[in-house]
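Coordinate analysis (summary)
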Amino acid sequence: MAQTILHKAGTRGHADHGWLKSFHTFSFANYYNPERMQFGALRVLNDDQVSGGMGFGKHPHNDMEIISIALEGELQHEDSMGNQAVIKPGEIQVMSAGTGIYHKEFNNHKDQEVKFLQIWVIPNEKGVTPRYDQIEIPSVGRNNQLVQILSPSPEDEGVWIHQEAWFHLGKFDQDTELEYQFKKAGNGVYVFVLKGNLEVNGQKLETRDGYGIWEAGSMPVKASAGAEVLFMEVPMDL
């Protein structure tokens with residue numbers, strides 16, 4: 001029997017620092033909810049908006065897989081590995097923090113906001129050599145199907161991380177139906193709706209709702225016109 005959890009958009013933690021507006025699906029910084037610490041290996045799902053000319057100063061990370069997906073605007077990135085990059089809509093960035101890194105992220109455009117997802121996944125191996133990767137998400141054939149953007153293998157589609165996890169993005173027309181097949185037994189899938197409405201496993205979801213399902217092998221998906229959704233499959237037993 002499948003187990004599920006529903007997180008409506010309005011129940012998320014919220015922080016407003018003026019220059020930064022952030023919604024936290026799971027406990028983060030000053031938002032603490034003991035019932036919302038993580039979903040399996042998915043530890044952080046932050047929906048961030050950064051004002052023009054502002055950003056996150058230099059700060060450290062270690063033993064975490066950190067994924068950024070740009071939604072609007074451009075996010076400048078610099079790190080202690082010597083990487084300097086701009087993350088644009090339609091791109092995904094990943095850092096394996098491993099033994100430790102420093103980085104900063106900021107919005108170089110004074111008159112434009114940046115909106116992006118910051119996602120942390122707990123790795124299956126500690127103390128790895130830090131690494132960085134960034135790719136453009138394929139747009140060809142993306143409509144009405146799920147496009148893989150992350151996996152455990154450098155030989156597979158998308159970026160890769162140190163965890164048995166798979167991420168997919170989808171953009172759907174009206175009444176599109178499909179069946180999501182879990183990649184690995186024991187994994188769960190957390191569905192995050194970027195835009196529009198859809199139904200997952202019979203549960204109706206709206207923009208920025210989150211829905212987790214585990215102890216299942218597959219789940220039906222039915223979407224409305226213009227729905228955009230992120231599927232994050234992660235191990236549940238850490």
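A few points on the structure.

Parameters at a glance
Position numbers for residues count from 1 along each chain, tracking the sequence in the order it is written. The predicted origin of the model limits local features to residues at a pLDDT of at least 70 and limits the giving and counting of side-chain atom pairs to 80 or more, whereas totals for whole chains, interfaces and linings rest on all residues. With hydrogens and water stripped out, all remaining heavy atoms of the structure feed into the side-chain values. We define a nonpolar core as any set of buried Ala, Val, Leu, Ile, Met, Phe, Trp, Tyr and Cys residues linked to one another through side-chain atoms lying within 4.5 Å. Partly exposed residues are those whose accessible area sits between 20% and 50% of the maximum for their type, while under 20% is buried and over 50% is exposed, using a 1.4 Å probe and protein chains only. Runs of H or I in DSSP of at least four residues are treated as helices and runs of E of at least two as strands, each being numbered from the N terminus. Should any heavy atoms of two residues lie within 4.5 Å, those residues are counted as being in contact. Pairing of aromatic side chains here covers Phe, Tyr and the six-membered ring of Trp, requires ring centres within 6.5 Å, and sorts the geometry by plane angle: under 30 degrees stacked, over 60 edge-to-face, intermediate tilted. Two thresholds decide whether a charge sits over a ring: the Lys NZ or Arg CZ must be within 6 Å of the ring centre and within 35 degrees of the ring normal. Positive charges come from Lys and Arg, negative ones from Asp and Glu, while His and the chain ends are left out of the count. Salt bridge, as used here, is a side-chain nitrogen of Lys or Arg placed within 4 Å of a carboxyl oxygen of Asp or Glu. Identification of polar contacts relies on pairs of N or O atoms within 3.5 Å, with a donor-acceptor requirement for protein atoms, meaning one able to donate a hydrogen and the other able to accept it, and with residues adjacent in sequence counted only if both atoms are side-chain atoms.

Core analysis: the largest hydrophobic core is formed by 26 residues, its most contacted members being Leu-42, Ile-67, Ile-119, Phe-167, Leu-230 and Met-232. Contributing elements (two or more residues each) for this core: β4 (42–50), β6 (65–72), β9 (91–96), β11 (114–121), β13 (146–151), β15 (166–172), β17 (187–195) and β22 (227–235). Setting aside anything within four residues of it in sequence, one finds Ile-67 in contact with Ile-92, Gln-93, Val-94, Leu-117, Gln-118, Ile-119, Val-121, Leu-150, Ile-161 and Phe-167. Within the second largest apolar cluster, 18 residues are counted, among which are Phe-182, Val-193, Tyr-211 and Val-221.

What follows is about the packing of aromatic side chains. In this structure the tally under the stated criterion is 8 aromatic pairs. Summarising the aromatic geometry, the rings of Trp-19 and Phe-56 are spaced 5.4 Å apart at their centres and angled 75 degrees between planes, so their arrangement reads as edge-to-face. Taken together, the positions of Trp-19 in the loop between β2 (13–16) and β3 (20–24) and Phe-56 in strand β5 (residues 55–61) put the pair 37 residues apart, joining distant regions of the chain. The exposure class of Phe-56 is buried, given its relative accessible area of 17%. Ring geometry for Phe-56 versus Phe-116: centroids 6.4 Å apart, planes at 85 degrees, classification edge-to-face. Taken together, the residues Phe-56 in strand β5 and Phe-116 in strand β11 connect sequence positions 60 residues apart. Side by side, Phe-56 and Phe-116 carry an identical accessibility label, which is buried. Above the plane of the ring of Tyr-102 lies Lys-58, whose end atom (NZ or CZ) is 5.4 Å from the centre.

By the element assignment, Arg-131 lies in strand β12 (residues 131–136). Buried charge without a salt bridge: Arg-131, with Asp-133 as the nearest opposite-charge side chain at an N-O distance of 4.1 Å. At a separation of 2.9 Å, a polar atom in the side chain of Arg-131 contacts the main-chain carbonyl oxygen of Trp-160. Aside from chain neighbours lying at most four places away, what touches Arg-131 is Met-81, Val-94, Met-95, Ser-96, Trp-160, Ile-161 and His-162.

What follows concerns the environment of Pro-130. Among the structural elements, Pro-130 can be located in the loop between β11 and β12. Linking Pro-130 and Met-81, residues 49 residues apart in sequence, is a C-alpha distance of 7.9 Å. For Pro-130, the residues in contact, after removing those within four places along its chain, are Met-81, Ser-96, Ala-97, Thr-99, Gly-100 and Ile-101.

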